[in-house]
2 protein chains.
Amino acid sequence: MNILFCSVGRRCELLKDFRKTLGDKVRIVVTDNSPYAPALAFSDMSYKVPLITDENYIPMILDICKKEKINAITTLIDPEISILADHRAEFEALGVEVLAPYKETADLCFDKYEMFKYLSEKGVRTVKTYGTFEDFDKDYKEGKISLPVFVKPRTGSGSVGARRVESYELLKEVMERSPELIIQELMTGKDMDADLYVDTVSGEVIAIFSKKKISTTIGGANKTISFKDEKLFEFVKDAMKVFKFNGPLDMDLFFQNGEYYLSEINPRFGGAYLHAYGAGVDFPSFIYRNVMEKEANKQQIGQYNENVVMMMYDSVVIDTLDNLQERMKEV
Amino acid sequence: MNILFCSVGRRCELLKDFRKTLGDKVRIVVTDNSPYAPALAFSDMSYKVPLITDENYIPMILDICKKEKINAITTLIDPEISILADHRAEFEALGVEVLAPYKETADLCFDKYEMFKYLSEKGVRTVKTYGTFEDFDKDYKEGKISLPVFVKPRTGSGSVGARRVESYELLKEVMERSPELIIQELMTGKDMDADLYVDTVSGEVIAIFSKKKISTTIGGANKTISFKDEKLFEFVKDAMKVFKFNGPLDMDLFFQNGEYYLSEINPRFGGAYLHAYGAGVDFPSFIYRNVMEKEANKQQIGQYNENVVMMMYDSVVIDTLDNLQERMKEV
């Protein structure tokens, strides 16, 4: 299988996981804008490409697909997901499976307010969200929402730019100054997340791996532990019915007052997918079966062990500047 | 060589470097307060210890030294450095080399204002520092310092709590509210750092490895490149004459208007020592020669290549909760 990881950046361990599962059955081709992306070191071939906003970007990616006889393509950064989805037909015409959601779903994942409206309409529990201060104010005066609240950029990634706002006056001021923000109910429950694989042949979610943070008094960051809960699996499966994903995704959830709430979906390999892989939930093998064998994977939701712990640490790639500058190919 | 790394935390790659150089000539013993410290996975033996402030802490570390026939001890966290220095005699009585500075030097490194006064007295160029708003105000009114300035905790690590302050009124208010802060001149030059090894037999600095950040437009964090400059080496060697270090340390510098300025010293393995190791500056071999062969190392300052690049990425340790809980020994 020839797979193309676009905007590969620092995702070294993800590439190592593909190699571990597939050995020489996979040829790993990657792109990045920078010769300093550490993950280049774990690829079989790397291409230097312009910014994803460049008009030549997609033509170059299509050229790489032809030249490298790519079977499947995915991206590791959020802003590129909709771009791949927009060009699905062109990739499919070259026989390339696009491991990214279909367009409508990709667009929803990108816009948190549209996502809220869509989920509410479909009856999927989610975090109460307002697109403007006026909308918030109406509910606030009717006692339907209280302070503090959370504000975050309508279209950003993860928690970048997210913050808690305590007072009415400050919220008003903040929203006037930054109309790109949305207002969300402050969730006080536990946050957790799930890595999912949506089979590209059957369209069904076939694997769900859920994990939560470990609270430790010291150095508590970036430590997670696997758990299983049928209620979570049912909630996630129901939520999946209203979308058209294709391949890996990462879903953020809250658990509050005995119920799950969908917070956000990142429709790509999540940054901590490594945990799922280490617990035996092997997305590379699912992709291989879908893409190379053209077969659906069997549903295996919850087939992993609870209490598997992942602890992150800093690793490094070291090489000479000359090697880095010569390594990447131009398209 | 039996080496004890106290408070080992996330320093997995450092332990791997020791193993790479020394193979089965080293037995790596580690301590931590938490069973979730990922570096435990790369040790030969790990002990669970209380917080470093616990009255039983040092007696327990001494017990481990006896039990494991430790030849050398070091710590990977700043607040523990002075504690090891305070108990040097007790460790030495057990035949343990303490890879930490002698007491006066350890205390200076911990207190940025005392360090400033000491360096100024000794004629080593450093960043202008004030311990109180009153001291700053006097110089400000005489035109000897201008705004903006930097404030940071007098005794903290690295850049934790450091921030730029633009206005006189705000600075006054900030310093009244937080008397633990110091005020520093805002340095506009390039910042860089050097990993040093001070030979424990000869007392001389025998290796200096200097690196600076790489500016990249995208994902520029945690990428450094090696460089060499005789002027830097001379500056660092001169500065070393006024201290009594013992083993590895990391020095932060500024280069401004053609001159180097000493900013801070962390007298332990720096978080990015991995870069020096990857470029062939092999502290584990220096330690082995000092501790096991009781010989001084030859001075080899600048014996590495320029333009060696280090790029960081996230790696993980994955294990079951049961294994983690059973792995650490109690003293």
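The name given to chain A in an unreviewed UniProt entry is ATP-grasp domain-containing protein, with Butyrivibrio hungatei as the source organism.

### A look at the interface of chain A and chain B
The partner chain B presents 36 residues to the 36 residues of chain A that form the contact. Interface area for chain A against chain B, summed over the two sides, is near 3,400 Å², with a carbon-plus-sulfur share of 64%. When the buried area of chain A at its contact with chain B is split by residue, Arg-10, Met-311 and Tyr-313 of chain A rank highest and sum to 24% of it. Note that Arg-10 of chain A is salt-bridged to Asp-314 of chain B, the shortest N-O span being 3.7 Å. Put simply, chain A and chain B have 14 residue pairs in polar contact (both at pLDDT 80 or more) between them. Those elements giving two or more residues to the side of chain A that touches chain B turn out to be helix 1 (12-22), strand 12 (223-227), helix 10 (273-278), strand 15 (308-320) and helix 12 (321-327) of chain A.

### With respect to the relation of the copies chain A and chain B
Of the transformation placing chain A onto chain B, the axial shift is 0.0 Å and the rotation is 180 degrees, giving an RMSD of 0.0 Å. Taken together, the rotation and translation relating the two chain copies correspond to the operation of a two-fold axis. No C-alpha of chain A lies nearer the rotation axis than that of Asp-314 of chain A, which sits 2.5 Å from it. Here 100% of the contact residues of chain A are again contact residues in chain B; the copies associate through an equivalent surface.

### Looking at the packing of aromatic side chains
Evaluated as defined, the whole model comprises 42 aromatic pairs over all chains. Taken together, Phe-5, Phe-18, Tyr-197, Phe-269, Tyr-273, Tyr-277, Phe-283 and Phe-286 of chain A form an aromatic cluster joined through their ring pairs. Lys-244 of chain A extends its terminal NZ or CZ atom over the ring of Tyr-102 of chain A, reaching a point 4.4 Å from the ring centre. Over the face of the ring belonging to Tyr-102 of chain B we find Arg-88 of chain B, whose NZ or CZ atom lies 3.8 Å from the ring centre.

### Re the pairing of strand 12 of chain A
Residues and elements named next belong to chain A. Within strand 12, 5 of the 5 residues are buried, leaving the element largely enclosed by the surrounding structure. Burial of strand 12 is two-sided: the residues Lys-223, Ile-225 and Phe-227 facing one way and the residues Thr-224 and Ser-226 facing the other way are all buried. Direction of pairing for strand 11 (residues 205-213) relative to strand 12: antiparallel, over a ladder of 4 bridges. Directly across from Lys-213, in strand 12, lies its bridge partner Thr-224.

### Observations regarding the sheet that holds strand 8 (residues 163-165) of chain B
Residue and element names in this part refer to chain B. A sheet is described by the order of its strands in space; here 4 strands give the open sequence 6-9-7-8, paired in antiparallel fashion. If you trace the sheet from one side to the other, it starts and ends with strand 6 (129-130) and strand 8, each paired once. Strand direction decides the pairing type here: strand 7 (residues 149-153) and strand 8, joined by 3 bridges, are antiparallel. Within strand 8, the position partnered with Val-151 by the bridge is Arg-163.

### Examining the sheet that holds strand 16 (residues 329-330) of chain A
Residue and element names in this part refer to chain A. Strand order in the open sheet made by the 6 strands is 5-4-1-2-3-16, with parallel pairing throughout. Each end of this open sheet is capped by a strand with a single partner; those strands are strand 5 (97-98) and strand 16. Summarising the sheet, strand 1 (residues 2-6) and strand 4 (residues 72-75) pair through 4 bridges and their orientation is parallel. Counterpart to Cys-6 in the pairing with strand 4 is Thr-75.

### Concerning the domain arrangement of chain A
Here chain A is partitioned into domain 1 (2-99 + 316-330), domain 2 (128-185) and domain 3 (189-311). Using only C-alpha atoms to locate each centre, domain 2 of chain A and domain 3 of chain A end up separated by 29 Å.

### Side note on the side chain of Asp-111 of chain B
Along the chain, Asp-111 of chain B turns up in the loop between helix 5 (103-110) and helix 6 (112-122). Among all residues touching Asp-111 of chain B, those that are not within four sequence positions of it are Arg-154 and Thr-155 of chain B.

### Describing the pattern of salt bridges
A full pass over the atoms with the stated rule returns 52 salt bridges over all chains. Close ionic contact of Lys-237 of chain A with Glu-234 of chain A constitutes a salt bridge, the shortest N to O distance being 3.3 Å. Of this pair, Lys-237 of chain A and Glu-234 of chain A both sit in helix 9 (residues 230-240), 3 residues apart, which is roughly one turn of that helix. By relative accessible area, which is 23% here, Lys-237 of chain A ends up partly exposed. In this structure, Glu-114 of chain B and Arg-154 of chain B form a salt bridge, with 3.4 Å as the shortest nitrogen-oxygen distance. With Glu-114 of chain B in helix 6 and Arg-154 of chain B in the loop between strand 7 and strand 8, the pair connects residues that are 40 residues apart, well separated along the chain. Given a relative accessible area of 26%, Arg-154 of chain B falls into the partly exposed group. Taken together, the shared-partner salt bridges in this structure form one network comprising Asp-111, Glu-114, Lys-117 and Arg-154 of chain A.

### Some details on the environment of Ser-82 of chain B
All names here are of chain B. With respect to the helices and strands, the residue Ser-82 is situated in helix 3 (residues 81-86). When its relative accessible area of 13% is taken as the criterion, Ser-82 is described as buried. In sequence terms Ser-82 and Ile-225 are 143 residues apart; their C-alpha atoms lie 31 Å from each other. Once residues within four sequence positions are removed from consideration, Ser-82 is found in contact with Ala-106, Asp-107 and Phe-110. Engagement of the side chain of Ser-82 in a polar contact is seen with the side chain of Asp-107, the distance being 3.3 Å.

### Structural notes on the confidence of the model for chain A
Residues with a pLDDT of 70 or more make up 97% of chain A, whose mean pLDDT is 95. Taken together, the chains of this predicted complex give a pTM of 0.93 and an interface ipTM of 0.92.

Thresholds applied
Residues numbered from 1 in each chain as written. Chains lettered and ligands numbered in written order. Predicted model: local features only at pLDDT ≥ 70, side-chain atom pairs only at ≥ 80, totals over all residues. Heavy atoms only, no water. Contact = heavy atoms within 4.5 Å. Buried area = accessible area lost by both parts, 1.4 Å probe. Salt bridge = Lys/Arg side-chain N within 4 Å of Asp/Glu carboxyl O. Polar contact = N/O pair within 3.5 Å; in protein donor to acceptor, adjacent residues only side chain to side chain. Helix = DSSP H or I, 4+ residues; strand = E, 2+ residues; numbered from the N terminus. Least-squares fit on C-alpha atoms with pLDDT ≥ 70 in both. Phe/Tyr/Trp six-rings, centres within 6.5 Å; stacked < 30°, edge-to-face > 60°. Lys NZ or Arg CZ within 6 Å of the ring centre and 35° of its normal. Buried < 20%, exposed > 50% of the residue type's maximum accessible area, 1.4 Å probe, protein only. Pairing = 2+ DSSP bridges. Domains from an automatic or database assignment. pLDDT = per-residue confidence, 0-100.

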